[in-house]
Amino acid sequence: MTKYDGKGESRKFDPNFKGPIHNRGCTDILCCILFILALLGYFAVGIIAWSQGDPRKVIYPTDSRGQFCGQAGTPLEKKPLLFYFNILKCASPLVLLEFQCPTTQLCVESCPNRHLTLIKAKVGNKDDQEYYKKYCKEGVDFTGLSPPEILKEGLCPAMLMPSKAFTRRCLPALATLKGGVVVVGNETTFDDGNSGTVNASDVLEASKKSNIAVEARQVAMRIFEDYTHSWHWILLGLVIAMVVSLIFIVLLRFLAGIMVWIMIILVILVIGYGIFHCYMEFASLKGEPGADVTIRDLGLQTDFSVYLQIRQTWLAFMIILAIVEFIIILLLIFLRKRIMIAIALIKEASRAVGHVMSSLFYPLLTFALLAVVIAYWAITAVFLSTSNEQVYKVFNTSVCPFSRETCNPKTFNSSNASLVCPDAECLFAFYGGETLYHKYLILFQFYNVFLFFWCANFVTALGQVTLSGAFASYYWAFKKPEDIPAYPIFSSLGRALRYHTGSLAFGSLILSLVQVIRVLLEYLDHKLKGAQNKFAKFLLSCLKCCFWCLEKCIKFLNRNAYIMIAIYGKNFCTAARDAFFLLMRNIIRVAVLDKVTDFLLFLGKLLIVGIVGIFSFFFFSGRIKAVEQAAPSLNYYWVPILTVVVGSYLIAHGFFSVYAMCVDTLFLCFLEDLERNDGSQERPYFMSQDLLTLLKKSNEDYKSMD
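It should be emphasised that the depicted structure is a prediction, and the values quoted were computed from it without experimental measurement.

**Q** Got a sec to walk through the overall build of the protein? Specific residues and values, please.
**A** From N to C terminus, the protein includes 22 helices and 12 strands. Per-residue burial for the protein yields a buried fraction of 46% across its 706 residues. Of the contacts formed within the protein by residues at least 6 apart in sequence, a portion of 71% connects residues at least 24 apart. For the protein, the accessible area works out to roughly 36,700 Å², and carbon and sulfur atoms hold 65% of it.

As structure tokens, this is what we get:
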């Protein structure tokens, strides 16, 4: 019986319907053509970027003449570091990294390791002179010219100071002694080479951000060192996570009901142990010197193990875990009846995955395609960002009307600017350009970002349609597995590519537009961080929240629309409308049952991550006596632990994403089954006997539902 209640028309019984329709036509052809044209344009942008770009600009620093330091096959091959004549003119390392420091820049073999002025080098011994000449321009007559002449021509720096290489650039070797005394190479003051002195604190002030960068570099180097010592153990942990995930999936196939309850109990126990462990650490630090210091008082520390020595850290961990535990137990109590139906759905999904085992390997194809999309986007972005030309500007020490104007280094010495400003130099400033290509470069970069989102969403959509088509073939097979078509994954993939490329492109285009808007909002938020306009910040926060919610809604609707496309072969808008009305007619089941299954699958991922995470914690922290000697010595033992935990979650998510898609597909088919059929001999249900029993229905006599 057909009914209409303002939420769309219920499905009518169709005796010929046997699952995904094979006689279908192409859908959303215009969007398919648009997508193909966009891809051709994307390839054209890539070709233009590859022909114009030069990644060496990212890899190698550039001297004042625009030459790359350390590039193989050039005269500067053995000079990989960039040296600045007067580092005090550089306000911050951001200026250095953007090649805009207003001082002569030179490629050198190594950074200066001691303080020396030009005057001292001139009157010093031969070793001092040879050492100083390393940091002068080539061809300088060091012995024939006087110091004022050398400085006037800008041939050598006025002084050298101890420096260290950072991002292939020589930056002052800043350090802080006890009492806050700032030193450069163990000296607090030194001669600047111009009859004056420079305090080390002045250098620190001039390159304050450089000091922060050095701190960050130290942390990064320690983390990198930890990875070099523990990478094989991290790899072993990820392999264990994959094995545990695979075992869990196999056990779900045969013991779905028992496994779900075991999973629920184990998650509660794992989180409970976490609470207990945090309490024991909290209690053990009682009375310890410095353990009562608050995190706020401690501030930001590069040695993160310090935080584990204060009680407040463990108290915070304990409270967070206790809240999570309370929420999980509360949900289990209130949703205990729906959990039984959800377990039946998971059992059915286990049977479906068991009969379509190739579905477990399909995420590898999705991962490979996404890797290609990400790699193409990243390479194109690098070439686009390095496709600018070298721009030279006039730099001077005295008043000059031509200051910061564009110049040509080849003709500068004979130009009017050189005559008016004798002390001015034409130095490499940055990469830019005035051609038509450079004017529209920002549009090419935006197009690269937009097509990245579109292609990535298309690959995800292709995977969802392929899997849902295969699992729908399983559900609508009345006699399982006899009526399941051969090679359901390949058949579904072929249908998706042959008939529905346009529909997938349409759905992914809508999602991509919202994601690009979110990226633009994040960019604006970053630009307005220093602004004082409270209303603008509030409005931007509201917009970010709204578009985040919109993206989640579109993802949910797209996912269900793709299921309907895989089954009925309709265009995107029709499929999205049918899916939406079908869900609205069963809003209670959608709000509770479907989300309960998602919650149970999330607990499965949480369990795998918890098991692997706990074992990795005890191993890397050296708390397992049996393997204490095998554990590597690390600066931060949380580095491999965090890597294993994140990697384990991604691996578990890869396996469980197949289950999630299977559950969503079976759930929509289950809702359609209830509308199409009534359990009579003419209109039997296609659902499993477990679901029939839970819903108090049968295929012999029809009983009114709910």
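**Q** Before we move on, could you go through the confidence of the model for the protein and cite the residues and values that matter?
**A** Reading fine detail from the predicted coordinates is not recommended where pLDDT is low. Looking at the protein as a whole, the pLDDT averages 78, with 80% of positions reaching at least 70. When pLDDT is averaged over each element of the protein, helix α1 (residues 29-52) comes out on top at 92 and helix α3 (residues 93-97) at the bottom at 41. Confidence drops under a pLDDT of 50 for residues 91-99, and excluding neighbours within four residues, the segment shows 26 contacts in the predicted structure. Taken together, the stretch residues 701-706 has pLDDT below 50 and engages in 10 contacts with residues farther than four places along the chain or on a different chain.

**Q** Give a description of the side chain of Thr-117 that names residues and reports values.
**A** Looking at the element boundaries, Thr-117 is found in strand β3 (residues 116-117). For Thr-117, a relative accessible area of 1% puts it in the buried group. Only 3.2 Å separates the side chain of Thr-117 from the backbone nitrogen of Lys-120, close enough to count as a polar contact.

**Q** So, the environment of Ile-329: which residues are in play, and what are the values?
**A** Inspection of the secondary structure assignment puts Ile-329 in helix α10 (residues 311-334). By relative accessible area, Ile-329 is classed as partly exposed at 34%. For the pair Ile-329 and Ile-268, spaced 61 residues apart in the sequence, the C-alpha separation amounts to 7.9 Å.

**Q** An account of the packing of helix α18 (residues 534-568) against helix α19 (residues 572-585) is requested, with residue identities and associated values reported.
**A** Each pair of packed helices can be summarised by the angle the axes make with each other and by the distance between the axes. At a minimum axis distance of 8 Å, the contact between α18 and α19 shows a crossing angle of 105 degrees. Looking at the two axes, α18 sits roughly perpendicular to α19. Here Phe-556, Leu-557, Asn-558, Asn-560, Ala-561, Tyr-562, Met-564 and Ile-565 of α18 lie close against α19, whose contacting residues are Phe-572, Ala-575, Ala-576, Asp-578, Ala-579, Phe-580 and Leu-583. A per-class count over the contact of α18 with α19 returns 12 nonpolar, two polar and one charged.

**Q** Break down the UniProt feature "transmembrane region" (unreviewed entry) in the protein for me, citing the residues and quoting the values.
**A** Mapped onto this structure's residue numbering, the UniProt feature "transmembrane region" (unreviewed entry) falls at residues 29-50, 231-251, 258-276, 314-335, 356-379, 451-478, 599-622 and 634-652. Between the end C-alpha atoms of residues 451-478 the distance is 42 Å, and the span holds 89% helix and 0% strand. In this annotation, residues 634-652 is assigned 79% helix and 0% strand; the end-to-end C-alpha distance for the span is 27 Å.

**Q** Requested: an account of the pattern of salt bridges, with residues and values cited.
**A** Applying the stated rule across the entire model yields nine salt bridges. The partner of Glu-138 in a salt bridge is Lys-79, and the shortest N-O contact between them spans 3.8 Å. Within this pair, whereas Glu-138 is found in the loop between α5 (126-133) and α6 (147-153), its partner Lys-79 is found in the loop between α2 (56-59) and β1 (81-84), the two being separated by 59 residues in sequence. A relative accessible area of 23% means that Lys-79 is categorised as partly exposed. One salt bridge in this structure joins Glu-551 and Arg-518, with 2.5 Å as the shortest N-O distance. Here the residue Glu-551 occupies a position in helix α18, and Arg-518 occupies one in helix α17 (residues 501-527), the gap between them amounting to 33 residues. Taking the relative accessible area as the measure of exposure, Arg-518 reaches 26% and is therefore partly exposed. Through salt bridges with shared partners, a single network forms among Arg-518, Glu-551 and Lys-555.

**Q** Explain α19 to me, using residue names and the numbers behind them.
**A** The end-to-end C-alpha distance of α19, which contains 14 residues, comes to 20 Å, matching closely the 20 Å that a straight helix rising 1.5 Å per residue would cover. When α19 is considered as a whole, its buried residues turn out to be Phe-572, Ala-575, Ala-576, Asp-578, Ala-579, Leu-582, Leu-583 and Arg-585. N-capping of α19 is provided by Asn-571, with a side-chain oxygen placed 3.3 Å from the backbone N of Cys-573.

**Q** Provide a residue-level description of helix α15 (residues 441-475), including the pertinent values.
**A** Turn by turn, an α-helix covers 3.6 residues, leaving residues three or four places apart pointing in a common direction. With 35 residues, α15 extends 51 Å from end C-alpha to end C-alpha; this agrees with the ideal 51 Å at 1.5 Å per step. Along α15, 27 of the 35 residues are buried, which leaves the element largely enclosed by surrounding structure.

**Q** Report on the environment of Cys-69, specifying residues and quantitative values.
**A** Among the structural elements, Cys-69 can be located in the loop between α2 and β1. Accessibility expressed as a relative area gives 0% for Cys-69, which makes it buried. Between the C-alpha atoms of Cys-69 and Lys-79, which are 10 residues apart in sequence, the distance is 5.8 Å.

Calculation notes
- Residues numbered from 1 in each chain as written.
- Predicted model: local features only at pLDDT ≥ 70, side-chain atom pairs only at ≥ 80, totals over all residues.
- Heavy atoms only, no water.
- Helix = DSSP H or I, 4+ residues; strand = E, 2+ residues; numbered from the N terminus.
- Buried < 20%, exposed > 50% of the residue type's maximum accessible area, 1.4 Å probe, protein only.
- Contact = heavy atoms within 4.5 Å.
- Areas by Shrake-Rupley, 256 points an atom, 1.4 Å probe, with all protein chains shown as cover.
- pLDDT = per-residue confidence, 0-100.
- Polar contact = N/O pair within 3.5 Å; in protein donor to acceptor, adjacent residues only side chain to side chain.
- Axes fitted to C-alpha atoms, helices over the stretch in contact; angles between N-to-C directions.
- Parallel < 35°, antiparallel > 145°, perpendicular 65-115°, else oblique.
- Nonpolar A, V, L, I, M, F, W, Y, C, P; charged D, E, K, R; others polar.
- UniProt positions renumbered as here; feature names shortened; annotations may be inferred.
- Salt bridge = Lys/Arg side-chain N within 4 Å of Asp/Glu carboxyl O.
- Expected span 1.5 Å × (residues − 1).

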